[in-house]
Amino acid sequence: MGEEGLAERALHMLAGGVNSPIRSRMPAGFFAARGEGPYLYDTTGKRYLDYCLGYGPLILGHAHPAVADAICSQAFLGTLFGCTSDREVAYAEEVLRHLPSHLGMVRCVNSGTEATMAAIRLARGITGREDIVAFDGSYHGAHDQLLARRAPGEATSPSSRGVCPATVSTTHLATFNDIEKTADLVRRTRAAAVIAEPVMGNMGCILPEDGFLSELRAVCTEEGALLILDEVITGFRLTPGGAQEHFGVAADIATYGKVAGGGLPIGLVAGSREVMEHLSPTGPVYNAGTFNGNPLSMAAGCAALAELRTHDALARIAAHTKELVSGVSDILPPDAVVCSCPGMFQVYFGTSGVHNAEDARAADGSRYLSFQQALFSEGVFLPPSMHESNFLSAVHDAVDIEQTIAAMERALL
Ligand SMILES: Cc1ncc(COP(=O)(O)O)c(C=O)c1O
């Protein structure tokens, strides 16, 4: 039996009973109690095989011993110093062991939101231009500049009350996988930057078509715009060097989060020395934070990234993703597809293919929710929206994959 009155108490004190809106879509009365390996446990003791994994960060599963040890040891040594610690240097070295070599420096912030906000300011500061091209359906965090949606014509309007129309008037939305129209938009707006999720993980799992990212790279170079690849989801997941290594494309500025913090809050801005030295204090583009590079996130992130690197975890995750996706493809009805890349996947119903946000919106969300809910009652936890991605961790094993496919087969009946 779960704790009495939790739902009422949560609703009484937290707006909508939650601290982040997607969580309000969980079944009423569901509260997480603890996690262990690939499993999440609720307050009644029920166990769920977890493919949400905190929306991505938990690539080593819950409470991984190496990460938990690193957090505990650091907690006894201090959690904040107000000056640079040796942990920050060790963390930057670990991060740069993973990233492609064109990225030579990092700035640590506290979330993916802070990272993309800083990246945009950096691009504007370097180019002296104002406009930003993003992709319809992408998500780069909860800051004002990118809370934009399409309005009639080519205009954009705020996607949240409280965001000024003037703020998003310099944000222009292109269509993912449509290079011609994107190039035209970049040219006409004299954009400071194009920001893209290399795999659209906030519309499910939409892959870039062959050549799209390299053509986008070429367009940016030609037009004098900086290419920001937002690897908050794909970083340290698709390969050690993220989507840039996987697809063979080099961003001017890359942003990271999620996996990079080993389950603790983190955001990273990365670029060449030339780009990064525009940031304060070496350059004129302001960025700061009380908790930037905080020792707990450094310790957890360092332990997690070292674990990924030394145990070939990403290769194992990639192999398990293939197995799961192949099993799912065999049981899906003919009008459903599964889209995937290493460590992430999504199933779309009522469609023959998903190439951009419009395709993802046209897929059958209510069939997805029935599927998701049936799985949830079977003890398999997928995020409660087809516009989120499902994630695999290094601790989901072959038996977990088999059981998941069997549960999915029953959920589809
Ligand atoms: C691609 C991408 N960028 C940025 C963010 C924002 O990260 P955070 O929630 O850590 O602020 C997210 C969050 O889901 C994301 O998926």
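Preceding this paragraph is the structure being described.
In short, a report on the structure. Bear in mind that the values here come from a model prediction, so they are computed numbers and not experimental data. (Residues numbered from 1 in each chain as written. Predicted model: local features only at pLDDT ≥ 70, side-chain atom pairs only at ≥ 80, totals over all residues. Heavy atoms only, no water.)

Focus: the overall build of the protein chain
For the protein chain, the count of helices and strands is 14 helices and 16 strands. Taken over the C-alpha trace, the protein chain has a radius of gyration of 21 Å; the compact-globule value for 413 residues is 22 Å, and the two agree within 12%. With the principal axes as the frame, the protein chain shows a C-alpha extent of 60 × 55 × 45 Å. By residue count, 56% of the 413 residues in the protein chain fall in the buried class. Put simply, of all contacts in the protein chain between residues at least 6 apart along the chain, 70% involve residues at least 24 apart. Element-wise, carbon and sulfur atoms account for 54% of the exposed surface of the protein chain, whose accessible area totals about 17,700 Å². Charged side chains of the protein chain number 29 positive and 46 negative; the gap between the two group centres comes to 4 Å. (Helix = DSSP H or I, 4+ residues; strand = E, 2+ residues; numbered from the N terminus. Rg over C-alpha atoms; globule rule 2.2 N^0.38 Å. Buried < 20%, exposed > 50% of the residue type's maximum accessible area, 1.4 Å probe, protein only. Contact = heavy atoms within 4.5 Å. Areas by Shrake-Rupley, 256 points an atom, 1.4 Å probe, with all protein chains shown as cover. Lys, Arg positive; Asp, Glu negative; His and termini not counted. Charge placed at Lys NZ, Arg CZ, Asp CG, Glu CD.)

Remarks on the pattern of salt bridges
Applying the stated criterion across every chain, the model contains 14 salt bridges. Measuring nitrogen to oxygen at the nearest pair gives 2.9 Å for the salt bridge that ties Glu36 to Arg34. Overall, the relative accessible area of 44% leaves Glu36 in the partly exposed class. Ionic contacts of the salt-bridge type, sharing partners, join the residues Asp136, Arg150, Glu358 and Arg361 into one network. (Salt bridge = Lys/Arg side-chain N within 4 Å of Asp/Glu carboxyl O.)

Here's the deal with the site of the ligand
In the vicinity of the ligand, the contacting residues are Ser111, Gly112, Thr113, Tyr139, His140, Gly141, Glu197, Asn202, Asp230, Val232, Ile233 and Lys258. Within the backbone of Gly112, an N or O atom sits 2.9 Å from an oxygen atom of the ligand. Here Asn202 contributes a side-chain N or O atom positioned 2.9 Å from an oxygen atom of the ligand. In isolation the ligand exposes 390 Å². Once the protein is present, 82% of that is buried. When its residues are assigned to classes, the shell around the ligand shows three nonpolar, six polar and three charged. (Near = heavy atom within 4 Å. Polar contact = N/O pair within 3.5 Å; in protein donor to acceptor, adjacent residues only side chain to side chain. Nonpolar A, V, L, I, M, F, W, Y, C, P; charged D, E, K, R; others polar.)

Side note on the nonpolar core
Within the largest apolar cluster, 98 residues are counted, with the highest numbers of intra-cluster contacts made by Tyr51, Tyr91, Phe236, Leu268, Leu308, Tyr348 and Phe371. At eight residues, the largest contribution of residues to this core is made by helix H10 (residues 295-310). Three or more residues apiece are contributed to this core by two domains, here domain 1 (65-310) and domain 2 (312-407). In this structure, Ala118, Ile120, Ala134 and Leu279 belong to the second largest nonpolar core, which totals 22 residues. (Core = buried A, V, L, I, M, F, W, Y, C linked by side-chain atoms within 4.5 Å. Domains from an automatic or database assignment.)

Observations concerning the environment of Gln145
On the secondary structure map, Gln145 appears in the loop between strand S5 (132-135) and strand S6 (148-150). Here the alpha-carbon distance between Gln145 and Leu332, two residues 187 residues apart in the chain, equals 39 Å. Not counting the four nearest positions on each side in its chain, Gln145 is found in contact with Ile120, Arg124, Thr167, Val168, Thr170 and Thr171. There is a polar contact of 3.1 Å between the side chain of Gln145 and the side chain of Arg124. Polar side-chain contacts of Gln145 include one of 3.1 Å to the backbone oxygen of Thr167.

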